[in-house]
Amino acid sequence: MKKILPIILLMIAAVAGARETGDIPAGRYIVISKADYTLTLYEADGTPIFSTVCSVGRNMGDKERVGDCRTPEGTFEIGSIEDASQWRHNIRDGRGAVRGVYGPFFMRLRVPGNNTIGIHGTLFNETMGSRASLGCIRLQDEEVLKLRSMIHIGTKVTVLPEGVSNPDALPVVVPQLASPHHPTNPRVAVEE
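Residues numbered from 1 in each chain as written. Predicted model: local features only at pLDDT ≥ 70, side-chain atom pairs only at ≥ 80, totals over all residues. Heavy atoms only, no water.

Let's talk about the overall build of the protein chain
- Along the backbone of the protein chain there are 2 helices and 12 strands.
- Beginning at the N terminus, the succession of helices and strands in the protein chain can be written as α-β-β-β-β-β-β-β-β-β-β-β-α-β.
- Within the protein chain, the proportion of its 192 residues that are buried is 44%.
- For the protein chain, restricting intrachain contacts to residue pairs at least 6 apart in sequence, the fraction spanning at least 24 positions comes to 56%.
- For the protein chain, the exposed surface amounts to about 10,600 Å²; the carbon and sulfur share of it is 58%. (Helix = DSSP H or I, 4+ residues; strand = E, 2+ residues; numbered from the N terminus. Buried < 20%, exposed > 50% of the residue type's maximum accessible area, 1.4 Å probe, protein only. Contact = heavy atoms within 4.5 Å. Areas by Shrake-Rupley, 256 points an atom, 1.4 Å probe, with all protein chains shown as cover.)

Quick notes on the nonpolar core
- Among the nonpolar cores identified, the biggest contains 24 residues, and I30, I32, L39, L109, I119 and L147 are the most heavily contacted of them.
- By residue number, the principal contributor to this core is strand β5 (residues 74-83), which donates 3 residues.
- The contacts of I30, once residues within four sequence positions are left out, are L39, T40, L41, I78, I119, L147, I151, T155, K156, V157 and T158.
- V101, Y102, F124 and C136 belong to the second-largest nonpolar core, a separate cluster that totals 7 residues. (Core = buried A, V, L, I, M, F, W, Y, C linked by side-chain atoms within 4.5 Å.)

A look at the side chain of T71
- With respect to the element layout, T71 can be found in the loop between β4 (56-57) and β5.
- At 2.7 Å, the side chain of T71 forms a polar contact with the backbone nitrogen of G57.
- At a separation of 3.0 Å, a polar atom in the side chain of T71 contacts the main-chain carbonyl oxygen of G135.
- Leave out the neighbours within four places in its chain, and T71 touches K34, V56, G57, G61, D62, K63, G135, C136, I137 and V159. (Polar contact = N/O pair within 3.5 Å; in protein donor to acceptor, adjacent residues only side chain to side chain.)

Topic: the sheet that holds strand β3 (residues 48-53)
- Read across the sheet, 8 strands follow the order β3-β2-β1-β12-β5-β8-β9-β11 without closing on themselves; strand pairing throughout is mixed. In this open sheet, the two edge strands, each paired with only one partner strand, are β3 and β11 (137-138).
- Along the sheet face, helix α2 (residues 141-148) touches β1 (29-33), β2 (38-42), β3, β5, β8 (105-109) and β9 (118-120) and points at about 60 degrees away from the line of β8. (Pairing = 2+ DSSP bridges. Axes fitted to C-alpha atoms, helices over the stretch in contact; angles between N-to-C directions.)

Here's the deal with the packing of aromatic side chains
- Going through the model one piece at a time under the given rule, you end up with 4 aromatic pairs.
- Measuring from centroid to centroid gives 5.0 Å for Y29 and Y42, while their planes differ by 10 degrees, and the two rings are stacked. With Y29 in strand β1 and Y42 in strand β2, the pair connects residues that are 13 residues apart, well separated along the chain.
- Its relative accessible area of 25% is what places Y29 among the partly exposed residues.
- Judged by centre distance (5.7 Å) and plane angle (75 degrees), the rings of W87 and Y102 are edge-to-face. Pair noted here: W87 is in the loop between β5 and β6 (88-90) and Y102 is in the loop between β7 (97-99) and β8, with a separation of 15 residues, a long-range link.
- A relative accessible area of 27% places W87 in the partly exposed class.
- An aromatic cluster of at least three residues, connected via ring pairs, comprises W87, Y102 and F106.
- The ring of F105 has R148 lying over it, and the distance from NZ or CZ to the ring centre is 5.8 Å. (Phe/Tyr/Trp six-rings, centres within 6.5 Å; stacked < 30°, edge-to-face > 60°. Lys NZ or Arg CZ within 6 Å of the ring centre and 35° of its normal.)

Regarding the environment of P25
- Considering the arrangement of structural elements, one finds P25 in the loop between α1 (4-21) and β1.
- Exposure remark for P25: the relative accessible area of 35% places this residue in the partly exposed category.
- Each C-alpha atom, one on P25 and one on H152, is 9.4 Å from the other, the two residues being 127 residues apart in sequence.
- In this structure P25 touches E43 and H152, once residues within four positions along its chain are discounted.

Focus on the pattern of salt bridges
- The tally for this structure, following the rule as stated, stands at 10 salt bridges.
- Put simply, K34 and E73 hold a salt bridge, and the shortest N to O gap is 3.0 Å. Of the two residues, K34 is situated in the loop between β1 and β2 and E73 in the loop between β4 and β5; the sequence distance between them amounts to 39 residues.
- The class for K34 is buried, based on a relative accessible area of 1%.
- D68 is the salt-bridge partner of K63, the closest N and O atoms lying 2.7 Å from each other. Of the two residues, K63 and D68, both sit in the buried class.
- Ionic contacts of the salt-bridge type, sharing partners, join the residues K34, E73, R131 and E162 into one network. (Salt bridge = Lys/Arg side-chain N within 4 Å of Asp/Glu carboxyl O.)

Shown next, in the form of structure tokens:
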């Protein structure tokens, strides 16, 4: 019995972990490049499976305090995935609190000393591929829905330091409304 108990406990832990993540394989992780304005999801073995254009904090550098409009750099994990579809936020455009500013989901990151940073949708698709947020990582709503279906609470998220590109990012299909300055936009001239 003493030899069987540890095996049974391991089996219970494995089943409990499987229930928590559903059909999503363990070990997936996200890399965000502020230099490339990309978010890439990887399998545990390092194979990229999803990339999309994103928007990051207005100001360059690592987050130092709440309100500095910087996206934190380092490795974090998703602490919660919250339904943000009914959330309101005053974007200071004269309309007051507007519903849908955060899109369908807010994937809150566990950032030491700051519980306000997350990956979320936006009403402002034209900001994709730019520095436009208060520090969060913005995606188009349809991209948030795709990402949500492929991750779980506990997924690791690494935000690369300023100026560091992600050479493993998959080619990103830039939406028509994406920033004309984003390097993956087909309207941007590329030197050959």
